[in-house]
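# Examination of the molecular architecture
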Amino acid sequence: MGACAGDAPRQRVAILGCTGSIGTQALDVCRQHADRLQVVALSAHARTSELVAAAREFGVSHVAVTDPAHAADPVLSELPSGCELDVGAAAACRIAALDDVDTVLVSVVGAAGLEASHAVLAAGKRLALANKESLVVGGDLLMPLAAPGQLLPVDSEHAAIFQCLLGEDARELHTIWLTCSGGPFFGRTARELAGVGVAGALAHPTWSMGAKITIDSATLMNKGLERIEAMHLFGVDLDRIQVVIQRESKIHSMVEYADGSVIAHLGASDMRIPIQYAFSYPERWSTPAPRVDFRTLGSLTFAAPDMDSFRCLALAEEAGRVGGTMPCVLNAANEVAVDAFLHDRVGFTDIPRVVEACMDAHERDQVRSIAQLRDIDAWARVRACEQLARIAG
Ligand code: MG
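Right, let's walk through the structure included here.

The rules we used
- Residues numbered from 1 in each chain as written.
- Predicted model: local features only at pLDDT ≥ 70, side-chain atom pairs only at ≥ 80, totals over all residues.
- Heavy atoms only, no water.
- Helix = DSSP H or I, 4+ residues; strand = E, 2+ residues; numbered from the N terminus.
- Expected span 1.5 Å × (residues − 1).
- Axes fitted to C-alpha atoms, helices over the stretch in contact; angles between N-to-C directions.
- Parallel < 35°, antiparallel > 145°, perpendicular 65-115°, else oblique.
- Left-handed = near helix turned anticlockwise from the far one by under 90°.
- Contact = heavy atoms within 4.5 Å.
- Donors = N, O, S within 2.8 Å, 3.2 Å for Na, K, Ca; no water.
- Buried < 20%, exposed > 50% of the residue type's maximum accessible area, 1.4 Å probe, protein only.
- Phe/Tyr/Trp six-rings, centres within 6.5 Å; stacked < 30°, edge-to-face > 60°.
- Salt bridge = Lys/Arg side-chain N within 4 Å of Asp/Glu carboxyl O.

### A closer look at helix 15 (residues 326-342)
- With 17 residues, helix 15 should reach 24 Å at 1.5 Å per residue; the first-to-last C-alpha distance of 24 Å fits that figure.
- A positive backbone phi angle near 60° is found at Asp-344, which sits one or two residues after helix 15.

### Some remarks on the packing of helix 6 (residues 132-142) against helix 11 (residues 221-234)
- Following both chains from N to C, one finds helix 6 and helix 11 inclined at 50°, their axes separated by 8 Å at the closest point. With respect to helix 11, the axis of helix 6 lies oblique. The chirality of how helix 6 crosses helix 11 is left-handed. Packed against helix 6, whose contacting residues are Lys-132, Leu-135, Val-136, Gly-139 and Asp-140, the element helix 11 presents Asn-222, Leu-225, Glu-226, Ile-228, Glu-229, His-232 and Leu-233 at the interface.

### Considerations on the coordination of the magnesium ion
- With distances of 2.1 to 2.2 Å, the protein atoms coordinating the magnesium ion are Asp-155 (OD), Glu-157 (OE) and Glu-226 (OE).
- Donor residues for the magnesium ion sit on one chain with the sequence pattern D-x1-E-x68-E. Within this pair, whereas Asp-155 is found in the loop between strand 7 (151-153) and helix 7 (156-164), its partner Glu-226 is found in helix 11, the two being separated by 71 residues in sequence.
- Judged by its relative accessible area of 9%, Asp-155 falls in the buried class.

### Description of the packing of aromatic side chains
- For the structure shown, the criterion picks out four aromatic pairs.
- Here the aromatic rings of Phe-162 and Tyr-281 are separated by 5.3 Å at their centres, their planes lie at 75°, and the arrangement is edge-to-face. Of this pair, Phe-162 sits in helix 7 while Tyr-281 sits in the loop between helix 12 (272-280) and helix 13 (294-297), placing them 119 residues apart in sequence.
- Of the residues examined, Phe-162 reaches a relative accessible area of 15% and is grouped as buried.
- Geometrically, the ring pair formed by Phe-341 and Phe-348 is edge-to-face, given 5.6 Å between the ring centres and 65° between the ring planes. Taken as a pair, Phe-341 and Phe-348 share a single burial class, namely buried.
- Site record: aromatic cluster; members linked through ring pairs are Phe-162, Tyr-277 and Tyr-281.

### Quick look at helix 12
- Extensive coverage of helix 12 is indicated by the burial of eight of its nine residues.
- Of all the positions in helix 12, only Arg-272, Pro-274, Ile-275, Gln-276, Tyr-277, Ala-278, Phe-279 and Ser-280 are classed as buried.

### Regarding the pattern of salt bridges
- Applying the stated criterion to the full structure yields 24 salt bridges.
- A salt bridge links Lys-223 to Glu-157, with the nearest nitrogen and oxygen atoms 2.8 Å apart. A residue pair is termed long-range when its members are at least 10 positions apart, and Lys-223 in helix 11 and Glu-157 in helix 7 qualify at 66 residues.
- As a salt-bridge pair, Glu-317 and Arg-227 come within 2.6 Å of each other at their nearest N and O atoms.

In structure tokens, the structure reads:
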């Protein structure tokens, strides 16, 4: 081993949501760079055996189980000696605020990530953010807390935009080109989309991800949420953030400047790259991820998104424009509708129907607190369930 990395103290990392797709890939990054990264705390919602296996491998000092139904799983007796176990929904926030943690990767799924992200920023730690819902729902609360360089986006597009902005003057930004693979149903009409099933929607052409985000990628809600995420993260008007279909997922996003120059971020479709950059910034470290050989890539194709067929993209645009508490309603209703679709209780095109009905029933308010957002999120979920019952019945 060279002396350079070994001499510096290791960055102490906590991973919230360590058993999901992003969490396990983050553990892989920590394995690759064990001389620079020390995993000290982990949380999982319900998959306690995977949590215990990771806790033992990395010898962590703190773990949290956020689903109380799994707080007494027998496997937890196999945690390494001296490892403290915390349980319940708020346990992840307590891990985020631990003294001996430098960086927290928030990779939990859905609106549940907001409170943890808030806790990380409030504690003055680096936030590696893989939970886009935190910003979609609570961007108005989070961004004022984030110092420059404190919030590192892990979402591949936003990690790309962040890098395209390095060393540039944000006032010279003209347009953010947010790239989108188009998902498995690119080119289909609204009528064709009405008949698609769960298996087809889960077959993403270019990225391997968890079930919820894969469905969001098929409806293009994911891109709608990412547009709102970018609006908060980079302080840019929605009109300056354009979605462009890039089928090969090799361009991860682009930034166009006042003089017409466009800076793009390219690379393999491998989430370990943006996860690692959120830890390594401002440095760049080596990666075992595959590399793109541009001689064999052939072509890069571009298209405009079809917002009439993919209604979720249009609904997210409306929520982003209205702002305030509306994105919270969009997100909560979508989470409920996607879960129902995954369980075969409603059709694919019922997802935007449910979301739209909830947005229509909501009167926008200014975002004031996490407690207020929690109430609105709960209201939207009840409302979405009522809509689902109407559709299913
Ligand atoms: Mg993304």
